[in-house]
Structures are given as C-alpha cells and as structure tokens.
Amino acid sequence: MTKRPQKNRLEWLVFAVGSVLVLGTIAFLAQSAITADPSPAQLEITLGQSEPRRGHFAVPVTVYNRGNDAAEQVSIEVLLKSKEHGDERAQLQIAFLPRQASRLGWVAFINDPSSADELKSRPLGYERP
C-alpha cells in the first residue's frame, strides 16, 4: 500500500481562496436573482458622429438596456431629416440585449448626417425572451 502525500500549506491556501471565490460568486448571483426588480427592458439610444465610408456615411448607434429584463430581436430606427435631401431612414437589428448591458451597431445613410437638419432615433420594438 502506498502512502498518499500530505498537502502543504500552499495547496490548502489555494484551495481556501478558490472555495471562497466560488461561494462568493454563487452568493452574488443568488442575491442578484432574488432582489432584482422585475422591470421590463428600458432601451436608451445614443448616436455618435457620422463617418464617411465608400459611397455612404456610417453612424454608430449604442443601445443601452437600463431595465432588469433582457430583450431579443431589438429593432431600432434612425431618421435623418433634411430639407435639402428629404428624409432618410435606417434600421438596426440587435439579436440579444442582456439586462443592464449595451450593444454597438452602425447604420448607413447616403446623405451626410452632419449636414442634416435633424438626426433622431427610436426603438421600434423587441421580444421578451
């Protein structure tokens, strides 16, 4: 019969630290799930500066979900209003937007948004997972 080697202090320390981290993570996730306010997704949209690309202008769109519920199939519309060129619309689809998270996407326009009269956005809809 072979004798099992004894664990030294460093092995016990690593075991203890790992156990505390795992238990702390489980406790945090459980506490978050229990105390989370079941508010629906609350979408907030921020538009960035337009950038010229080959044959079009790209506008970065950041969508924030400030609610405590995730959103799927998020649809965003961006409207460019210009007296000179008329209105131009673009849409952005985001497959999944977790709670308290954000996603970055881009929409494209033929006309330059920096010379437009107005550039505004709105959520068209989303699904609840």
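Treat the numbers as computed from the prediction; the structure is a model and nothing was measured.

### Some points on the sheet that holds strand S4 (residues 71-81)
Argument step 1. Ordered in space as S5-S4-S7, the 3 strands form an open sheet in which the pairing is antiparallel. The open sheet has two edge strands, strand S5 (88-97) and strand S7 (118-127), and neither has a second partner. Each adjacent strand pair in this sheet contributes to an overall mean axis angle of 20°, direction not counted.
Argument step 2. The pairing of S4 with S7 spans 8 bridges and is classified as antiparallel. Of the residues in S7, the one forming a bridge with Val78 is Ser121.

### Overview of unusual backbone geometry
Argument step 1. For Gln73, which is not a glycine, the phi torsion comes out positive at approximately 50°.
Argument step 2. Along the chain, Gln73 falls in strand S4.

### Digging into the side chain of Asp69
Argument step 1. Looking at where Asp69 falls in the secondary structure, it is placed in the loop between strand S3 (56-65) and S4.
Argument step 2. Aside from chain neighbours lying at most four places away, what touches Asp69 is Ser39, Pro40, Ala41, Arg99 and Arg128.

### Considering the pattern of salt bridges
It is possible for side chains bearing opposite charge to pair when their charged atoms get close.
Argument step 1. Applying the stated criterion across every chain, the model contains 5 salt bridges.
Argument step 2. Arg128 serves as the salt-bridge partner of Asp69, at 2.5 Å between the closest nitrogen and oxygen. Here the residue Asp69 occupies a position in the loop between S3 and S4, and Arg128 occupies one in the segment after S7, the gap between them amounting to 59 residues.
Argument step 3. A relative accessible area of 63% means that Arg128 is categorised as exposed.

### Here's the deal with the packing of aromatic side chains
Both the distance between ring centres and the angle between the ring planes are used here to describe each pair of aromatic rings.
Argument step 1. Applying the stated criterion across every chain, the model contains 1 aromatic pair.
Argument step 2. Between Trp12 and Phe15, the aromatic rings sit 6.0 Å apart at their centres with planes inclined by 85°, giving edge-to-face as the arrangement. In this pair, Trp12 and Phe15 both sit in helix H1 (residues 9-35), 3 residues apart, roughly one turn of the helix.
Argument step 3. You can call Trp12 partly exposed: its relative accessible area is 46%.
Argument step 4. Directly above the aromatic system of Trp106 lies the positively charged group of Arg53, at a separation of 4.9 Å from the ring centroid.
Argument step 5. Taking NZ or CZ as reference, Arg66 lies 4.5 Å from the ring centre of Tyr64, over its face.

### Focus on a nonpolar patch on the surface
Argument step 1. On the surface, Leu10, Leu13, Val14, Val17 and Leu21 cluster together to form a nonpolar patch covering roughly 500 Å² of accessible area.
Argument step 2. Note on placement: Leu21 falls in helix H1.
Argument step 3. Under the relative-accessibility criterion, Leu21 is labelled exposed at 57%.

Criteria and thresholds
- Within every chain, residues take consecutive numbers counted from 1 along the sequence as written.
- Since the coordinates come from a predicted model, pLDDT governs what is reported: local features require at least 70, and pairs of side-chain atoms require 80 or more to be given and counted, while whole-chain, interface and lining totals use all residues.
- Derived side-chain values reflect all non-hydrogen atoms in the structure, with water molecules and hydrogen atoms excluded from consideration.
- We treat two strands as partners when DSSP finds at least two bridges between them.
- We count a stretch as a helix when DSSP gives it H or I for four or more residues in a row; a strand needs E for two or more, and each element gets its number in order from the N terminus.
- The convention used is that axes are lines fitted to C-alpha atoms, helices contributing only their stretch in contact, and that angles between N-to-C directions extend from 0 to 180 degrees.
- Whether two residues touch is decided by their heavy atoms; if any such pair falls within 4.5 Å, the residues are in contact.
- The salt bridge criterion pairs a side-chain nitrogen of Lys or Arg with a carboxyl oxygen of Asp or Glu, the two atoms within 4 Å.
- When accessible area is computed with a 1.4 Å probe and restricted to protein chains, residues below 20% of their type maximum are described as buried, those above 50% as exposed, and intermediate ones as partly exposed.
- Side-chain rings of Phe, Tyr and Trp, where Trp is taken by its six-membered ring, are said to pair if the distance between their centres is within 6.5 Å; with planes under 30 degrees apart they count as stacked, over 60 as edge-to-face, and otherwise as tilted.
- The criterion is that NZ of a Lys, or CZ of an Arg, lies within 6 Å of the ring centre and within 35 degrees of the ring normal, and then a charge sits over that ring.
- Each patch is assembled from residues with relative accessible area greater than 30% and no salt bridge, linking like charges that lie within 9 Å and nonpolar side chains (Val, Leu, Ile, Met, Phe, Trp, Tyr) that lie within 5 Å.
- A 1.4 Å probe and the Shrake-Rupley method give the accessible areas. Residues count as covered only by the protein chains that appear here.

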